[in-house]
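Remarks on the overall topology
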2 protein chains.
Amino acid sequence: MVQISKEPAPPSPLQRSVPTSADVARLAGVSRATVSYVLNNTSAVRISEPTRRRVHDAAKELGYVPHAAARSLRAGHSRMVLMPTPKVPIGPLYSQFINDLQWALSRLDYTVVQYGGVALRGDEAARAWAELRPVAVIVPGEGLGPQGVAVLKRSGARAVVALSPEPVEGAHVLLLDHGCVGHSAGRHLVERGRRRIGVVVPEEPGLGVFSQPRLAGVRRAVRGTEATVTELPLAYDEGAAAQLAARWRSLGLDAVFAYNDEYAMLLLRALQDEGIGVPDETAVVGADDLMLGRLLRPRLSTVHIELPAGRDLAELVDRAVRDAGMIPATHDVLGARIVHRESS
Amino acid sequence: MVQISKEPAPPSPLQRSVPTSADVARLAGVSRATVSYVLNNTSAVRISEPTRRRVHDAAKELGYVPHAAARSLRAGHSRMVLMPTPKVPIGPLYSQFINDLQWALSRLDYTVVQYGGVALRGDEAARAWAELRPVAVIVPGEGLGPQGVAVLKRSGARAVVALSPEPVEGAHVLLLDHGCVGHSAGRHLVERGRRRIGVVVPEEPGLGVFSQPRLAGVRRAVRGTEATVTELPLAYDEGAAAQLAARWRSLGLDAVFAYNDEYAMLLLRALQDEGIGVPDETAVVGADDLMLGRLLRPRLSTVHIELPAGRDLAELVDRAVRDAGMIPATHDVLGARIVHRESS
C-alpha cells in the first residue's frame, strides 16, 4: 500500500471566521430579512432589482453561502433525499439505475445524499438517518423494519421508499424479487431438454439476498417436470471453480445456472479447462447480460434483468413528498427475460 | 422498462407532528437543557443516573431523534464528511477504496455522505456542498479549483482533500497520476522487444482524465528507444472493436496497451476473431488486474494499480480537522507494476 507521508504541521495562520447573513446585510445596507428573501428566492415578497443585485454582490464579495441546516430548521423540512449506501457490492446495472435516479431527483430540485454509515444496522441506522432530517429516504436492500419507518416519519420524512426483496410495513416498496431471474433461467434450461440443473450460490457474504430467491425461482420453474435442482456453493476464485469442475462428472449435471455472468465466466473457464464440452455436455446460463458474455466462446446465454426507470422512482418520491396522505403500496418492479446465445 | 403504477392517493389521515426536545423535557419532568446534556452525552455537566434514565425513557417513548442540523448549528460544526459522487463510472478497485475509506471514517466517528448533485460543476458545486456545512470534503476527480476550496473553507470545512490528477491550490491533494500506469505498460512492451505500440483511448466521455495520462506515460516510456506510439480511439462495443481489428495489419502494430482489462478483453476477442495471433503477432496488455484477465486464453498481462489505503486517507482527514493550521500538501500516491502473463 502507498503511504501518505505524515510530516508534522506548522502552527496555524490567521483563521478567518465564517461569513453570516448579518455580514451580507451590513455590506448591502439592507435588513437580514431582505437578505433571506433575496437569497432564498422568495416570491411572496417584492424586492426591487437594484436591491436584489446589491445583496447578491455583497454575498459574492464576502463568499457567503446559506446554511442548508439553518434553512431547513426554519422551513421545517429539507429538500434532502437520503439514500444509505448499499451494503453489498453493486453491479453496473444497479449503478446505472442509481445514477439515473440521482439525475431525475436533481431535476426535481432534490439534493441526493448517500449515507455511508456502513457499521449501522436496522433501527439504529434509521435513527442516524433521521438525525439529518431528510424529506425522503430511499433504502436499498433489506434491514428497514416498521419501527425504522416510524422513526423516520416522526422525524419529518414524508416519503420512505424501500427497494426490497420483501414488503416493509408503512413504507412504499419497490419489490425486487429475484425469483423471476432464476425462474427465467430454469424454464429455459428445462425447455432445452436439460434435466439435472446445478445452481451456483456465491459464498461471498451479503449476496444471499439475491442468490436465495434466484435458487427458489429455479426450483419453481422445474416443479412438475422431471428436472432436479442441485445447489452449488462457490467462492469467486479460480481454485474453487477448478475444484468444482474436477468433480463435475460425478455430480451428473447437464446444466448450470451460474448466478450471474461473472460467475458464469469463472465456471465456464474451469469446465473448459477440465475438458467438459459446453453446451454439449453441460449448458451454462448467466445473468445480467453484461458485454463480457458476448465475448466468450461459446457466447454466453444470460438473463436480462430490467430494473424500474430511475425517473419513475423519482416521480414516486416527489408525489409522496407533496402528498403526505398517499397510502404506501408495494410495487413488483423487477423484470427478467432469457437471452439465448450459444452456451445453452 | 417496468412501470410503477400511479393510482390516485386517498386523502391524508391525521398528521402526527415531529416530537421535539421540549416534549421530551415535559414528559421526563426536566428542563430542555437537561435533555440536551443527556442526549448529547455532555461530560461537563453531572446528571444523576435516574434522571438520565428518565430522559432516555421519555425520548424512546416519544420516538425523539436529535436534529443533527440543530446540533451542528449549536456546536458550530458537524461530523459530516462530504464526498461528491464521482462523475465517471467507477471500477471495482476504486469502489473498494471508497468502501474502506467510509469504514475508516465511521470508526473515527465521522458520518460520510456522498453528495449526488450530478448536474453541478466547479465552484457552483462547491457552493452547494458548503450549504451542508461539512467539517471535511473529499473530492474525487478534477473540477475543484482554488475558489471552490476557499468557499468551502469559509463555510467551515476544516479539511478539503482532492483525489486529483493535478495539484489544487489550498487543498490537501492525493495525486492520482495515471502516467505511471501507462509507463509500466510501455516499458514492459519495449523490454519484450515490441517496437510499434498502439494505445487504446476510450471514446466513453469522462475517461480522458485517466486515458490521457496513461497515453502520455507510454510515450514517456518509449522515449530514447526505437519504439513508436499510435493512438487508437475505441468505443466500448463489439462493432467498433471488429472494425479496429479488421484494419489491424495495415496499422503495422506489434503490441497494444488497451487502457484497462475490459477494453483488453474486448480487443483480444476481436483480434482473435480476425485471426491475429496473440502474443506472437501482437502483444496485448490491460490494466486493473481484474479476475477476468486470468480467465482469458492467453492469460492477460496487466498493470496492477495500487491506491492509497482508505485508513491512511481517513487519518489525514482527521488530522486536518483537528489541526486547522496544517499546511496543505500534495502527496503522489498511485503505484503501478506490471503483471506479466501470457498475452505479451
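None of the values given here were measured: they were computed from a predicted structure.

**Quick notes on the overall build of chain A**
- Scanning chain A from terminus to terminus reveals 14 helices and 12 strands.
- Looking at chain A alone, contacts between residues at least 24 apart form 71% of all its contacts between residues at least 6 apart.

**Describing the pairing of strand S5 (residues 172-175) of chain B**
Residue and element names in this part refer to chain B.
- Burial of S5 is two-sided: the residues His172 and Leu174 facing one way and the residues Val173 and Leu175 facing the other way are all buried.
- As defined by bridge partners, strand S4 (residues 159-164) adjoins S5 across 4 bridges and the pair is classed as parallel. Looking at S5, one finds that alanine 162 is bridged to valine 173.

**Description of the packing of aromatic side chains**
- Applying the stated criterion across every chain yields a total of 4 aromatic pairs over all chains.
- Geometrically, the ring pair formed by tyrosine 259 of chain A and tyrosine 263 of chain A is edge-to-face, given 5.8 Å between the ring centres and 85 degrees between the ring planes.
- Exposure remark for tyrosine 259 of chain A: the relative accessible area of 5% places this residue in the buried category.
- Ring centres of tyrosine 236 of chain B and tyrosine 263 of chain B lie 5.0 Å apart, and the angle between their planes is 50 degrees; this geometry places the pair in the tilted category. Taken together, the positions of tyrosine 236 of chain B in the loop between strand S7 (228-234) and helix H10 (238-246) and tyrosine 263 of chain B in helix H12 (residues 261-273) put the pair 27 residues apart, joining distant regions of the chain.

**Here we look at unusual backbone geometry**
Residues and elements named next belong to chain A.
- Following valine 278, the chain continues to proline 279 via a peptide bond in cis, the omega torsion being 10 degrees.
- By the secondary structure assignment, proline 279 is in the loop between helix H12 (261-273) and strand S9 (283-287).
- Residue proline 298 is bonded to the preceding arginine 297 through a cis peptide linkage, with omega at -5 degrees.
- If you check the backbone angles, aspartate 289 has positive phi at about 55 degrees while not being a glycine.
- Checked against the element boundaries, aspartate 289 lands in the loop between S9 and helix H13 (291-295).

**Describing the sheet that holds strand S6 (residues 196-202) of chain A**
All names here are of chain A.
- If you walk across this open sheet you meet the 6 strands as S7-S6-S8-S9-S10-S12, and the pairing is mixed. The open sheet is flanked by strand S7 (228-234) and strand S12 (335-339), the only strands paired with a single partner. Across the sheet, the mean angle separating the axes of adjacent strands is 20 degrees when strand polarity is ignored.
- Of the strand pairs in this sheet, strand S10 (residues 301-306) and S12 are connected by 5 bridges, and their pairing is antiparallel. Paired with valine 303 across the bridge in S12 is isoleucine 338.
- Sheet contacts for helix H8 (residues 179-191): S6, strand S8 (255-257), S9, S10 and S12; angle to S12, the most-contacted strand, approximately 30 degrees.
- Along the sheet face, helix H9 (residues 208-222) touches S6, S7, S8, S9 and S10 and points at about 170 degrees away from the line of S6.

**Structural notes on the pairing of strand S10 (residues 301-306) of chain B**
- Across 3 bridges, the pairing between strand S9 (residues 283-287) of chain B and S10 of chain B is parallel. If you follow glycine 286 of chain B over to S10 of chain B, its bridge partner there is threonine 302 of chain B.

**Considerations on helix H7 (residues 146-154) of chain B**
- Considered for burial, the residues of H7 of chain B that qualify are Gly148, Val149, Val151, Leu152 and Arg154 of chain B.
- Where H7 of chain B is buried, its residues contact helix H3 (49-62) of chain A together with helix H6 (122-130), strand S3 (136-140) and S4 of chain B.
- At the exit of H7 of chain B stands glycine 156 of chain B, carrying a positive phi of roughly 105 degrees.

**Observations regarding the environment of leucine 267 of chain B**
All names here are of chain B.
- Structurally, leucine 267 is set in helix H12.
- For leucine 267, a relative accessible area of 0% gives the class buried.
- A sequence separation of 17 residues divides leucine 267 from valine 284, and the C-alpha atoms of the two residues are 8.6 Å apart.
- Look past the residues within four positions of leucine 267 in its chain and what remains in contact with it is Val200, Leu244, Trp248 and Val256.

**A closer look at the confidence of the model for chain A**
- A residue-level look at chain A finds 88% of positions with pLDDT of 70 or above and a mean pLDDT of 86.
- Every residue in residues 6-16 of chain A scores below 50 in pLDDT, and together they form 13 contacts with partners more than four places removed in sequence or on other chains.

**Here we look at H6 of chain B**
- For H6 of chain B, the full list of buried residues reads Ala125, Ala126, Ala128, Trp129 and Ala130 of chain B.
- Close packing links the buried residues of H6 of chain B with strand S1 (80-84), strand S2 (111-115), S3 and H7 of chain B.

**Let's talk about the environment of glycine 116 of chain A**
- On the secondary structure map, glycine 116 of chain A appears in the loop between strand S2 (111-115) and helix H6 (122-130).
- Residues glycine 116 of chain A and methionine 83 of chain A lie 33 residues apart in sequence; the distance between their C-alpha atoms is 8.8 Å.
- Excluding residues that lie within four positions of it along the chain, glycine 116 of chain A makes contacts with Thr85 of chain A together with Gln102, Ser106 and Val112 of chain B.

What counts and what doesn't
Residues numbered from 1 in each chain as written. Chains lettered and ligands numbered in written order. Predicted model: local features only at pLDDT ≥ 70, side-chain atom pairs only at ≥ 80, totals over all residues. Heavy atoms only, no water. Helix = DSSP H or I, 4+ residues; strand = E, 2+ residues; numbered from the N terminus. Contact = heavy atoms within 4.5 Å. Buried < 20%, exposed > 50% of the residue type's maximum accessible area, 1.4 Å probe, protein only. Pairing = 2+ DSSP bridges. Phe/Tyr/Trp six-rings, centres within 6.5 Å; stacked < 30°, edge-to-face > 60°. Axes fitted to C-alpha atoms, helices over the stretch in contact; angles between N-to-C directions. pLDDT = per-residue confidence, 0-100.

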